[in-house]
Amino acid sequence: MMRSSSLLLLLMLCALSGRSLATVCRASDRNALLAFKAQLIDADGVLKDWDASTNCCVWTGVFCDRTHSRVGSLFVNANCRNCIGNGKLIVDPKVNGASFAASLSNLTALTQLSFNNVQIRFRFSIPPAIYTLTNLVSLSLTDCQFSGPSIPADVGKLVKLTELTLDGNRFPGGLPDSIGNLKNLNILHLENNQMTSIGSTRITLLKKLDQLVLNYNKLSGPIPKWLGGITLTGVQYGELNLHDNQFTGYIPGELCNIKPKLLILGLNKNKLNGPIPAAIGNCAQLRTLFVGDNKLSGSLPHELGKLKNFQELFAANNQLAGPLPKELGDLPNFNQMDIGHNKITGPIPSNYGPFSPDIPDPVDFTNNKLTGPIPLAMQNLPVKVFRPGNPGLCGTPLPNKCK
């Protein structure tokens, strides 16, 4: 009976703590975290439970290895919903780049490190201590405002990384050659870094890469053809995303050389012109194409019909003209299409539809010059996906009947 009561009490204590009762952090790890906290201005109390008198393994954002009682993951998230002003952590102005986070180098068991909105305010680059954490598999420094001419070459020392996210910083020169050392990298996110150059072409050496995201930068000129030499495994994402940049010129057909699986191609909100190339038909695994908000012209290519896994086309706000390709209607998984605000003419092919019932308004044909009857499989859609524009369309759900 005593054994049962003791066991019940132990289970209750574990449940109340929310973490393993056996996991008590080492004093050296606790002291390293407290030294790091001392470098921050935390007016909102984001890290208020980081207290020397308590077990650091139950602190906000701290997760310990149960076997060795070492800090294995650290997530410092200053987007705190319960904090004043949504939470904010500012690095003390007295702290310089060489000393910031220096104590974290003692967290030698760390495999995951994430800073979100820990504000450096563009005073220095990623601190040297980060590159001593050679067991890291995931490094995310988001909206921290680190800055420098390029991403530091020392990032190449973190050879175990599978994920590198540096969104919301300022590295205009982009990637160093040492990026080629990260042979295990699956995910590379470099959004909103004011990049004017992608930097090194050595990302083509990363044979496990599955997602490359370079959105919201200042990349200009033609899209580099060498990007067709990167690998995207397609295990989870298969994504190349370049949206919200300043690229000009034609869409290079070489992008369809990306192997083995380019599933998502994001080129929207650039300054691209010319037609969608017929070579798009060589992107054999492509499921989603974003090319909206450019200056594209010509017709939608019939070669889109070769993409047997194709599901979604977003091409609104261009200068596309000519008829809709009938071949799209024959694709078994094609379920979403936005071609609003173009100059597309002729009928909607009778084999179009039905589109996804799970997506509100899965098509947008507005502000074109389409004519003729609405296909039977699209007559359950609301008027707003066809009008305004397209005065020559007729039949259900439109008020004007076909003659």
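What comes next concerns the included structure. These figures come from a predicted structure and were not determined experimentally. (Residues numbered from 1 in each chain as written. Predicted model: local features only at pLDDT ≥ 70, side-chain atom pairs only at ≥ 80, totals over all residues. Heavy atoms only, no water.)

**Side note on the nonpolar core**
At step 1: Phe 100, Leu 313 and Met 337 are the most contacted members of the largest nonpolar core, which has 109 residues in total.
At step 2: Those elements that provide at least two residues to this core are α2 (27-37), β2 (62-65), β3 (70-77), β4 (89-91), β5 (112-116) and β7 (138-142).
At step 3: The contacts of Leu 313, once residues within four sequence positions are left out, are Leu 289, Leu 300, Leu 304, Leu 328, Phe 334, Gln 336, Met 337, Asp 338 and Ile 339. (Core = buried A, V, L, I, M, F, W, Y, C linked by side-chain atoms within 4.5 Å. Buried < 20%, exposed > 50% of the residue type's maximum accessible area, 1.4 Å probe, protein only. Helix = DSSP H or I, 4+ residues; strand = E, 2+ residues; numbered from the N terminus. Contact = heavy atoms within 4.5 Å.)

**So, the side chain of Asp 44**
At step 1: In this fold, Asp 44 is placed in the loop between β1 (40-41) and β2.
At step 2: Look at Asp 44: it is buried, it has no salt bridge, and the nearest opposite charge is Lys 88 at 6.4 Å.
At step 3: At a separation of 3.1 Å, a polar atom in the side chain of Asp 44 contacts the main-chain amide nitrogen of Lys 88. (Lys, Arg positive; Asp, Glu negative; His and termini not counted. Salt bridge = Lys/Arg side-chain N within 4 Å of Asp/Glu carboxyl O. Polar contact = N/O pair within 3.5 Å; in protein donor to acceptor, adjacent residues only side chain to side chain.)

**Examining the state of the cysteines**
At step 1: Applying the stated rule across the entire model yields four disulfides.
At step 2: A sulfur-sulfur separation of 2.2 Å characterises the disulfide bridge that pairs Cys 25 with Cys 56. Placement of Cys 25 in the loop between α1 (2-17) and α2 and of Cys 56 in the loop between β1 and β2 is noted, with a sequence separation of 31 residues between them.
At step 3: The disulfide that involves Cys 57 links it to Cys 64, with 2.0 Å between the sulfurs. Negative torsions about the S-S bond denote left-handed disulfides, and the value of about -95° found for Cys 57 with Cys 64 makes this one left-handed. Summarising the burial analysis for this pair, Cys 57 and Cys 64 share the class buried. (Disulfide = S-S within 2.5 Å.)

**A few points about α2**
At step 1: Along α2, the positions that sit buried rather than exposed are Asp 29, Ala 32, Leu 33 and Phe 36. The buried residues of α2 occupy an angular sector of 95° when projected down its axis, which confines them to one face.
At step 2: On the buried face of α2, the contacting elements are β1, β2, β3 and β5. (Arc of directions from axis to C-beta.)

**Some points on the packing of aromatic side chains**
At step 1: Scanning the entire structure with this criterion turns up 10 aromatic pairs.
At step 2: Note on Phe 334 and Phe 355: the rings are 5.9 Å apart at their centroids and 70° apart in plane angle, and the pair reads as edge-to-face. Residue Phe 334 is located in the loop between β21 (319-322) and β22 (336-338), and its partner Phe 355 is located in the loop between β23 (343-347) and β24 (363-364); the two are separated by 21 residues in the primary sequence. The pair Phe 334 / Phe 355 is uniform in exposure class, with both members buried.
At step 3: Connected via pairs of aromatic rings, a cluster forms that spans Phe 36, Phe 100, Phe 115 and Phe 124.
At step 4: Directly above the aromatic system of Phe 122 lies the positively charged group of Arg 170, at a separation of 3.8 Å from the ring centroid. (Phe/Tyr/Trp six-rings, centres within 6.5 Å; stacked < 30°, edge-to-face > 60°. Lys NZ or Arg CZ within 6 Å of the ring centre and 35° of its normal.)

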